[in-house]
Amino acid sequence: MIWIFVLVAAVLASEAFLRLPLLPVIRRVTETAQKSRRVLASKRISDHWKEKILPSYSWVIGKGSVQFFAMLMLALAPVAALGLIFPGGMAAWGEALMRPLVILVLCIASIAYIWLRLKVTRV
């Protein structure tokens, strides 16, 4: 019975990851962090300009980090929601999800689902 829940959780989480705009957020944060690093390392940019631009870079990085965290929580919400119908409730579901074999199956099933879904939609 647990394996049905694990497979459903893998499919739901994978589908959420595929539909959420995670990569653009990660890309924007990474690019902004690189810009920030270049500004800090540059000897040609005055400290006055650095003081003006770095807070805006920090804002973009902070906002992106919060967005990324929120999207991760949204993607994992279906997995948590399965605990509402799991025999034994949320506590039993949380305990089941912490077993190494369940984690392994969840990861393999998610990777397989994403790979298969991307293959099917490209054809």
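Figured I'd write up the structure that's included with this text. Worth saying up front: this structure is predicted, and the values here are computed from it rather than measured. (Residues numbered from 1 in each chain as written. Predicted model: local features only at pLDDT ≥ 70, side-chain atom pairs only at ≥ 80, totals over all residues. Heavy atoms only, no water.)

So, about the environment of leucine 20. Here leucine 20 lies in the loop between α1 (2–19) and α2 (22–41). Taking relative accessible area as the criterion, leucine 20 reaches 21% and is therefore assigned partly exposed. The spacing of leucine 20 and leucine 74 is 54 residues in sequence and 8.7 Å in space, taken between C-alpha atoms. Residues in contact with leucine 20, not counting those within four places in the same chain, are Met71, Leu74 and Ala75. (Helix = DSSP H or I, 4+ residues; strand = E, 2+ residues; numbered from the N terminus. Buried < 20%, exposed > 50% of the residue type's maximum accessible area, 1.4 Å probe, protein only. Contact = heavy atoms within 4.5 Å.)

Evaluated as defined, the whole model comprises three aromatic pairs. For the pair phenylalanine 5 and phenylalanine 86, a centre-to-centre distance of 5.0 Å together with 85 degrees between the ring planes defines the contact as edge-to-face. Of this pair, phenylalanine 5 sits in helix α1 while phenylalanine 86 sits in the loop between α3 (47–81) and α4 (89–97), and the two are 81 residues apart along the sequence. Accessibility expressed as a relative area gives 10% for phenylalanine 86, which makes it buried. A ring pair is formed by phenylalanine 86 and tryptophan 93, whose centres lie 5.0 Å apart and whose planes are at 45 degrees; its orientation type is tilted. Each of the two residues, phenylalanine 86 as well as tryptophan 93, counts as buried. (Phe/Tyr/Trp six-rings, centres within 6.5 Å; stacked < 30°, edge-to-face > 60°.)

Let us look at the nonpolar core. Counting 15 residues, the largest nonpolar core has Ile2, Ala9, Val79, Phe86, Trp93, Leu97 and Leu106 as the members making the most contacts within it. Mapped by element, the contributors of at least two residues to this core are α1, α4 and α5 (100–122). At six residues, α1 tops the list of elements feeding residues into this core. Discounting residues that sit within four places of it in the chain, tryptophan 93 has contacts with Phe5, Val6, Ala9, Val79, Ala80, Leu82, Gly83 and Phe86. (Core = buried A, V, L, I, M, F, W, Y, C linked by side-chain atoms within 4.5 Å.)

Inspection of the secondary structure puts alanine 13 in helix α1. Along the chain, alanine 13 and arginine 122 lie 109 residues apart, while their C-alpha atoms are 21 Å from each other. In contact with alanine 13, not counting residues within four places along its chain, are Ala75 and Val79.

What follows concerns the packing of α1 against α5. Between α1 and α5, the shortest axis-to-axis distance is 8 Å and the interhelical angle comes to 45 degrees. The angle between α1 and α5 places the two elements in the oblique class. Between α1 and α5 lies a crossing whose hand is right-handed. Between α1, through Ile2, Trp3, Val6, Leu7, Ala9, Ala10, Val11, Ser14, Glu15, Leu18 and Arg19, and α5, the contact on the second element is made entirely by Leu101, Val102, Val105, Leu106, Ala109, Ser110, Tyr113, Ile114, Arg117 and Leu118. Broken down by class, the residue content of the contact of α1 with α5 amounts to 16 nonpolar, two polar and three charged. (Axes fitted to C-alpha atoms, helices over the stretch in contact; angles between N-to-C directions. Parallel < 35°, antiparallel > 145°, perpendicular 65-115°, else oblique. Left-handed = near helix turned anticlockwise from the far one by under 90°. Nonpolar A, V, L, I, M, F, W, Y, C, P; charged D, E, K, R; others polar.)

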